[in-house]
Amino acid sequence: MSYVDAATFAKPVVGGGFYPLSVAPMMDRTDRHFRYFLRQITRRTLLYTEMVTTAAILHGDRQHLLGFSPVEKPLVLQLGGDNPQELAQCARIAEEMGYDQVNLNVGCPSDRVQNGNFGACLMAQPQLVADCVAAMLNATHLPVSVKHRIGIDNLDRYEDMANFVRIVSQAGCQRFTVHARKAWLQGLSPKQNRDIPPLRYQDVYRLKQEFPHLFIEINGGIVNLEQVQQQLQLVDAVMVGRAAYDHPYLFATADREIYGETMQPLSRYEVAEAMCSYIDEWVAKGLKLSQITRHMLQLFSGQPGSKVWKRHLTENSCRPQADSAVVREALMRVSEFSAVSTAECLTQSWC
Ligand SMILES: Cc1cc2nc3c(=O)[nH]c(=O)nc-3n(C[C@H](O)[C@H](O)[C@H](O)COP(=O)(O)O)c2cc1C
């Protein structure tokens, strides 16, 4: 049985829709299958889609790009674009499709995104971002937020970011997610831009102090719930990216520790088991098993049997007709492995 049921969605959320913990939008990672998987681990954490461009939504296969299961909610659609009318149209579509919020990407430094004049380069055009946000707010009842960097290139003083936030907030935006690193638009790849520029958390704390009426979420380099709790002393919310993908089970205690829930989380085994009926539904529709299991590889990260789990899934998920049986076999391998480890632990003093 799935961890999430309909009654859960009816529950009011702490802070009237202001979620203190979220999992970052990540291209090629936070697709619907990863989100469904993560929902078996945490039902309250706010989830984001990958960035979807306005052009793709307006001219592409909308159901394929934007479809999701209600289980994934609360869910934010992240948009990439720089045209207020097109963004407004997409925000309206997001509302019709049942998304909970819309977010504008002002943080991606990739060449492709820069060529489209959106992402991080928009930090140099705060008035255009303000126009985009105003158009989106006009078009929908959904909350609209902006995810941005602390700066780009030489526009990287605290004052530059504060000016950006001031202008965009005057257009009605009340929620900002700040990736606490600047981005270099030339010379660094997107991956390097997530690691090389140093983290400047102080700039984000100062932003919260100087704009206390705004909802400020911090992002970048936060890797466990202890750090999340520390950050929450200084800002309104925390967004976790890579650590959520690399160690998804980290979020098992999030509902209790961050949202004050009392319900026990599913064990790793139960999470995998809960994915099986979902997997078979999608495989029956023609999806390759690996499209789902690739997101589950890290479920046992740091645990005995993690390598066995990953190897079994990787080696068997691409086989023709592969279905949830592969996941169940992998679970058996993990349990056999753990049993051996436990037995070893009982007899070996070094354990
Ligand atoms: C593989 C990958 C893809 C990403 N794609 C997006 C994206 O689509 N939109 C976005 O705003 N940020 C994207 N990011 C950046 C993350 O949202 C986040 O800001 C960044 O990873 C820093 O947070 P972290 O240190 O917790 O990972 C991506 C990051 C990674 C690792």
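So, here's what we can say about the structure. None of these values were measured; they are calculated from a predicted model. (Residues numbered from 1 in each chain as written. Predicted model: local features only at pLDDT ≥ 70, side-chain atom pairs only at ≥ 80, totals over all residues. Heavy atoms only, no water.)

### Re the site of the ligand
- The environment of the ligand is made up of 17 residues, and the closest members are Gln 78, Asn 219, Gly 221, Gly 241 and Arg 242.
- Within the backbone of Pro 25, a nitrogen or oxygen atom sits 2.8 Å from an oxygen atom of the ligand.
- Within the contact set of the ligand, an oxygen atom lies 2.7 Å away from a backbone nitrogen or oxygen of Gly 221.
- Contact with the protein chains hides 91% of the accessible area of the ligand, taken as 610 Å² for the molecule alone.
- Put simply, the ligand lies in the largest pocket. (Near = heavy atom within 4 Å. Polar contact = N/O pair within 3.5 Å; in protein donor to acceptor, adjacent residues only side chain to side chain. Areas by Shrake-Rupley, 256 points an atom, 1.4 Å probe, with all protein chains shown as cover. 1 Å grid on protein atoms, 1.4 Å probe; cavity = no way out; pocket = protein on both sides within 12 Å on 5 of 7 lines; lining within 4 Å. Sits in = over half its atoms within 2 Å of the grid points.)

### Some words on helix α5 (residues 84–97)
- Compared with the 20 Å implied by 1.5 Å per residue over 14 residues, the 20 Å span of α5 between its first and last C-alpha is a close match.
- Taken residue by residue, α5 has Pro 84, Leu 87, Ala 88, Cys 90, Ala 91, Ile 93 and Ala 94 as its buried positions.
- In this structure, the buried side of α5 is in contact with α3 (54–59), α4 (62–66), β3 (75–80), β4 (101–106) and α7 (126–139).
- At the N-terminal boundary of α5, the capping side chain belongs to Asn 83, with an oxygen 2.9 Å from the backbone nitrogen of Gln 85. (Helix = DSSP H or I, 4+ residues; strand = E, 2+ residues; numbered from the N terminus. Expected span 1.5 Å × (residues − 1). Buried < 20%, exposed > 50% of the residue type's maximum accessible area, 1.4 Å probe, protein only. Contact = heavy atoms within 4.5 Å.)

### Comments concerning the pattern of salt bridges
- In the structure shown here, the tally under the stated rule is 15 salt bridges.
- Linking Asp 100 and Lys 73 is a salt bridge whose minimum nitrogen-to-oxygen distance equals 3.0 Å. Of this pair, Asp 100 sits in the loop between α5 and β4 while Lys 73 sits in the loop between α4 and β3, and the two are 27 residues apart along the sequence.
- A residue is classified by how much of its surface remains accessible, and Asp 100, at 23% relative accessible area, is partly exposed.
- Among the residues examined, Lys 73 registers a relative accessible area of 24% and is labelled partly exposed.
- Notably, a salt bridge pairs Arg 206 with Glu 159, separated by 3.8 Å at the nearest N-O pair. One end of the pair, Arg 206, is in helix α9 (residues 201–210); the other, Glu 159, is in helix α8 (residues 158–170), with 47 residues separating them in the sequence.
- Overall, Arg 206 belongs to the partly exposed group, its relative accessible area being 34%.
- According to the relative accessible area criterion, Glu 159 is partly exposed, its value standing at 41%. (Salt bridge = Lys/Arg side-chain N within 4 Å of Asp/Glu carboxyl O.)

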